[in-house]
Amino acid sequence: MESSVYPLRESCGLGPHELYFKKISNQKKQVMEKNRNNRKLRVCVATCNRADYSKLAPIMFGIKTEPEFFELDVVVLGSHLIDDYGNTYRMIEQDDFDINTRLHTIVRGEDEAAMVESVGLALVKLPDVLNRLKPDIMIVHGDRFDALALATSAALMNIRILHIEGGEVSGTIDDSIRHAITKLAHYHVCCTRSAEQHLISMCEDHDRILLAGCPSYDKLLSAKNKDYMSIIRMWLGDDVKCKDYIVALQHPVTTDIKHSIKMFELTLDALISFNKRTLVLFPNIDAGSKEMVRVMRKKGIEHHPNFRAVKHVPFDQFIQLVAHAGCMIGNSSCGVREVGAFGTPVINLGTRQIGRETGENVLHVRDADTQDKILQALHLQFGKQYPCSKIYGDGNAVPRILKFLKSIDLQEPLQKKFCFPPVKENISQDIDHILETLSALAIDLGGTNLRIAIVSMKGEIVKKYTQFNPKTYEERINLILQMCVEAAAEAVKLNCRILGVGISTGGRVNPQEGIVLHSTKLIQEWNSVDLRTPLSNTLHLPVWVDNDGNCAAMAERKFGQGKGLENFVTLITGTGIGGGIIHQHELIHGSSFCAAELGHLVVSLDGPDCSCGSHGCIEAYASGMALQREAKKLHDEDLLLVEGMSVPKDEAVGALHLIQAAKLGNAKAQSILRTAGTALGLGVVNILHTMNPSLVILSGVLASHYIHIVKDVIRHQALSSVQDVDVVVSDLVDPALLGAASMVLDYTTRRIH
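Note that the structure is a prediction, hence the values are computed from the model and not measured.

Engineer: Quick one: what's the story with the pattern of salt bridges, residue by residue and with numbers?
Structural biologist: The tally for this structure, following the rule as stated, stands at 37 salt bridges. Asp 73 is paired through a salt bridge with Arg 42; the nearest N and O atoms lie 2.8 Å apart. Taken together, the residues Asp 73 in strand S2 (residues 70–77) and Arg 42 in strand S1 (residues 41–47) connect sequence positions 31 residues apart. Among the residues examined, Arg 42 registers a relative accessible area of 26% and is labelled partly exposed. Notably, a salt bridge pairs Asp 244 with Lys 276, separated by 2.9 Å at the nearest N-O pair. Here Asp 244, found in the loop between helix H9 (228–236) and strand S8 (245–249), pairs with Lys 276, found in the loop between helix H10 (257–274) and strand S9 (277–281); they are 32 residues apart in sequence, far enough to count as distant. With relative accessibility at 27%, the residue Asp 244 sits in the partly exposed group. On the basis of relative accessibility, which here comes to 24%, the residue Lys 276 falls in the partly exposed class.

Below is the structure:
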């Protein structure tokens, strides 16, 4: 069967895909002709509540207009038949549909147990109905617990199921129910391209998926009621004006009922403070709704002069009310789906619709945990007008669905086929291999020390080895090889399987070749050095090499505060100043492997000399070397030491002495640290203005001493649009070693470097 899309493409030539779909289309026409010559298709439409009826009604009207092809049976159950929820079955009768069967399936209680009992009651009653009707196909909508009972009954009774709105993502238990119905259903009508892709990813047969758009949009986009003011006055009063009222519709979140009740209470408080005429619709029948109604009554909403509380509004009238509202607020799917067709501003509260695709008219308040936050959202959104959105449909869903129904071949086997991706053949393993800890050999080539560690997949340092780093190339490479061989042998005793070697080093590195192009002055005789070849030849393992700043960023991405973030920057504050940039989840190396030399951002034209040959760099102010230089100056002038502090004669004065002096009240030391932190802060401001990351992570021994000064500089120097970007101190103990390990460990999950 064909997977139709909107809008239809026009093409002067037919490529492979067009030829394929033309062939499928011809096959479908043959099926339609065959079905036309046989009996009519008996379609059962089951509706459970006011929300799903708004999506099913356009399809039902379409089926009714083609009696030569279809016989329609309507089954009504769920909250349609409950007085507290408006007895909404009456609107089905008003639409001139014959209700074949009414099933009372709701067990009152409005808690989790009542929902489960309602599903059970529906499962008990539905078999008799389906045996009597014997439909060829049942149409089920959405993600409600009632719909799950319908799909389960039909699937077990070998009745074909057409599921409307599968493949979507919202963010609550509804997702699980929706996807469960997808696995039971034989045919799928989805509303968006993303939903179609999700269904394909769930191994559903592409030929049984129709991308039609949302059926309710057929009505929405053709709704032109000129007398909308009479509808507004009927529901909100004679004195209300167009665009000067609010529609509120909020449902409980069954996975967090207490929080959703509290959020509803905050919403009502905010609406009372906002002081605009508001139409409040009662929540649906989910667990927690009874408590939400109690909140409404406790606050006197039903008698408040600014509020109109109603159980149900006919869909045609509801369309006009939201189309001309100043704002809609709540967590109903209607807010993020249908209302976009009119460009009405929407405030979506909490997590119930968090995964939905939305137009620009929707403002999300994910943590709606204060009245003030909701009130601010109302001030931002009320009265705005946004472009109309057609994310969920173009107004032609029903003709596509009817054509899709006609193409169903009832002679085709009922058993579903799942399109699973190919799976590699299973490789037998022995118990020793299963019990081994997958690990990496990580090397940190520092200016003073050479450190090697065995690092597990979880980022745990199983064992670490440290030696003084020799000054000459020969001694250094020999020591690296010797320590690696010893560590690899030790790994066997520790039951660790070494997957590869990762090396973190200062300077400019070509990671593709594993060559250190130019090193820092801290590591002499270390230019154009191939580290990969000797290590790989000796250990017979893959080897990765990268700059220590890049490694720190990779460590944060895999194990630290950058985990899951698309864009962030890491700044190392150690002996030198380095950094790494993650953009769209990937590390940026630059065209000549010189990206993220953040220590050499110039923050002053007449600043101190830097080791790079320039002056005024961040590193010249804020690195450990720079602080050591200033500490020596103070010490030489007898201005460093204060009461409670001493420096042994055999100990070199360093940055830590300066920090200690500042903590003990040395004003000059404090001034030097403030200047250094300000320089670093200006560098971070430049990064924010250039890269606009979502997070800046300060790493290294000096990070905690600079963090507050850096944040203060951002507040005073950065553009307001980036002042909310958070700056944090890394919580990783060994970012260089963990970053070196991550290059190896990411390889095992098939990341690309």
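Still more ground to cover, so stick around.
Engineer: Summarise the packing of H10 against helix H11 (residues 289–298); cite the residues concerned and give the values.
Structural biologist: Viewed as axis vectors pointing N to C, H10 and H11 meet at an angle of 25°, and their least axial separation amounts to 10 Å. One way to sum up the angle between H10 and H11 is to call them roughly parallel. When you trace H10 past H11, the crossing you get is right-handed. The residues of H11 that touch H10, namely those facing Ile 261, Phe 264, Glu 265 and Leu 268, are Glu 291, Met 292, Val 295, Met 296 and Lys 298. Looking at the contact of H10 with H11 residue by residue, the classes come out as 6 nonpolar, no polar and 3 charged.

Engineer: Kindly report on the side chain of Arg 277, identifying the contributing residues and their values.
Structural biologist: Structurally, Arg 277 is set in strand S9. At 2.6 Å, the side chain of Arg 277 forms a polar contact with the backbone oxygen of Leu 236. Here Asp 239 takes part through its side chain, which lies 2.9 Å from a polar atom of the side chain of Arg 277.

Engineer: Please set out H10 residue by residue, giving values where relevant.
Structural biologist: Between its first and last C-alpha atoms H10 spans 25 Å; for 18 residues at 1.5 Å apiece the expected length is 26 Å, and the two agree. Among all positions in H10, only Ile 257, Ser 260, Ile 261, Met 263, Phe 264, Leu 266, Thr 267, Leu 268, Ala 270, Leu 271 and Phe 274 are buried. Trailing H10 by a residue or two, Asn 275 shows a phi angle of about 65°, which is positive.

Engineer: Outline the sheet that holds strand S4 (residues 137–141), supporting the account with residue identities and numerical values.
Structural biologist: Ordered in space as S3-S2-S1-S4-S5-S6-S7, the 7 strands form an open sheet in which the pairing is parallel. Every other strand in the sheet has two partners, leaving strand S3 (99–103) and strand S7 (209–211) as the edge strands with one partner each. Averaged over neighbouring strand pairs, the angle between their axes works out to 20° when direction is ignored. Sheet topology note: the strand S5 (residues 160–164)/strand S6 (residues 187–190) ladder contains 3 bridges and is parallel. What sits directly across from Leu 162, in S6, is Tyr 187. Most of the contacts of helix H7 (residues 193–201) go to S7, to which it runs at about 170°, and overall it touches S6 and S7.

Engineer: How would you explain the nonpolar core if you had to name every residue and give the values?
Structural biologist: The nonpolar side chains of a soluble globular protein tend to be buried, and buried together. Judged by nonpolar contacts, the single largest core of 61 residues is most densely connected at Met 138, Leu 150, Ile 246, Ile 329, Ile 347, Leu 349 and Leu 378. At 9 residues, H10 tops the list of elements feeding residues into this core. With residues up to four places along the chain from it excluded, the contact list for Ile 347 reads Cys 327, Met 328, Ile 329, Gly 330, Leu 363, Val 365, Ala 377, Leu 378 and Gln 381. In terms of nonpolar packing, the next biggest core, distinct from the first, is built from 42 residues, Ala 596, Val 684, Val 710 and Ala 718 among them.

Engineer: Quick rundown of empty space enclosed by the protein? Include the residues and the values.
Structural biologist: Summed over the entire model, instances satisfying the criterion amount to 5 cavities of 30 Å³ or more. Volume-wise, the largest cavity comes out at about 660 Å³. Surrounding the largest cavity, 37 residues form its lining, Asn 49, Arg 50, Ala 51, Asp 52 and Ser 332 being those nearest its centre. Elements supplying a minimum of two residues to the lining of the largest cavity: helix H2 (50–64), helix H6 (173–184), helix H12 (315–323) and helix H13 (333–336).

Engineer: Quick one: what's the story with the state of the cysteines, residue by residue and with numbers?
Structural biologist: In total, this model carries 0 disulfides according to the counting rule given. There is no disulfide at Cys 48, and the cysteine sulfur nearest it, in Cys 44, is 11 Å away.

Engineer: Lay out the environment of Val 295 in plain terms, naming residues and giving numbers.
Structural biologist: Position of Val 295 among the secondary structure elements: in helix H11. For Val 295 and Leu 268, which are 27 residues apart along the polypeptide, the C-alpha to C-alpha distance reads 8.8 Å. If near-sequence neighbours (up to four positions away) are discounted, Val 295 is found in contact with Ile 261, Phe 264, Glu 265 and Leu 268.

Engineer: Residues and numbers for the sheet that holds strand S26 (residues 726–729), please.
Structural biologist: Consider a sheet: its strands pair through backbone hydrogen bonds, and that pairing is either parallel or antiparallel. Across the sheet, 5 strands lie side by side as S24-S23-S22-S25-S26; this open sheet has mixed pairing. Single-partner strands in this sheet number two, and they are strand S24 (586–587) and S26. Where strand S23 (residues 577–583) and S24 come together, 2 bridges link them in antiparallel fashion. What sits directly across from Ile 582, in S24, is Leu 587. Against the sheet, helix H19 (residues 548–559) engages strand S22 (568–573), S23, S24 and strand S25 (695–699), with an angle of about 125° to S22. Most of the contacts of helix H24 (residues 703–717) go to S26, to which it runs at about 170°, and overall it touches S22, S25 and S26.

Conventions and cut-offs
- Residues numbered from 1 in each chain as written.
- Predicted model: local features only at pLDDT ≥ 70, side-chain atom pairs only at ≥ 80, totals over all residues.
- Heavy atoms only, no water.
- Salt bridge = Lys/Arg side-chain N within 4 Å of Asp/Glu carboxyl O.
- Helix = DSSP H or I, 4+ residues; strand = E, 2+ residues; numbered from the N terminus.
- Buried < 20%, exposed > 50% of the residue type's maximum accessible area, 1.4 Å probe, protein only.
- Axes fitted to C-alpha atoms, helices over the stretch in contact; angles between N-to-C directions.
- Parallel < 35°, antiparallel > 145°, perpendicular 65-115°, else oblique.
- Left-handed = near helix turned anticlockwise from the far one by under 90°.
- Contact = heavy atoms within 4.5 Å.
- Nonpolar A, V, L, I, M, F, W, Y, C, P; charged D, E, K, R; others polar.
- Polar contact = N/O pair within 3.5 Å; in protein donor to acceptor, adjacent residues only side chain to side chain.
- Expected span 1.5 Å × (residues − 1).
- Pairing = 2+ DSSP bridges.
- Core = buried A, V, L, I, M, F, W, Y, C linked by side-chain atoms within 4.5 Å.
- 1 Å grid on protein atoms, 1.4 Å probe; cavity = no way out; pocket = protein on both sides within 12 Å on 5 of 7 lines; lining within 4 Å.
- Points joined across faces, edges and corners; volume = space filled by probe spheres on them.
- Disulfide = S-S within 2.5 Å.

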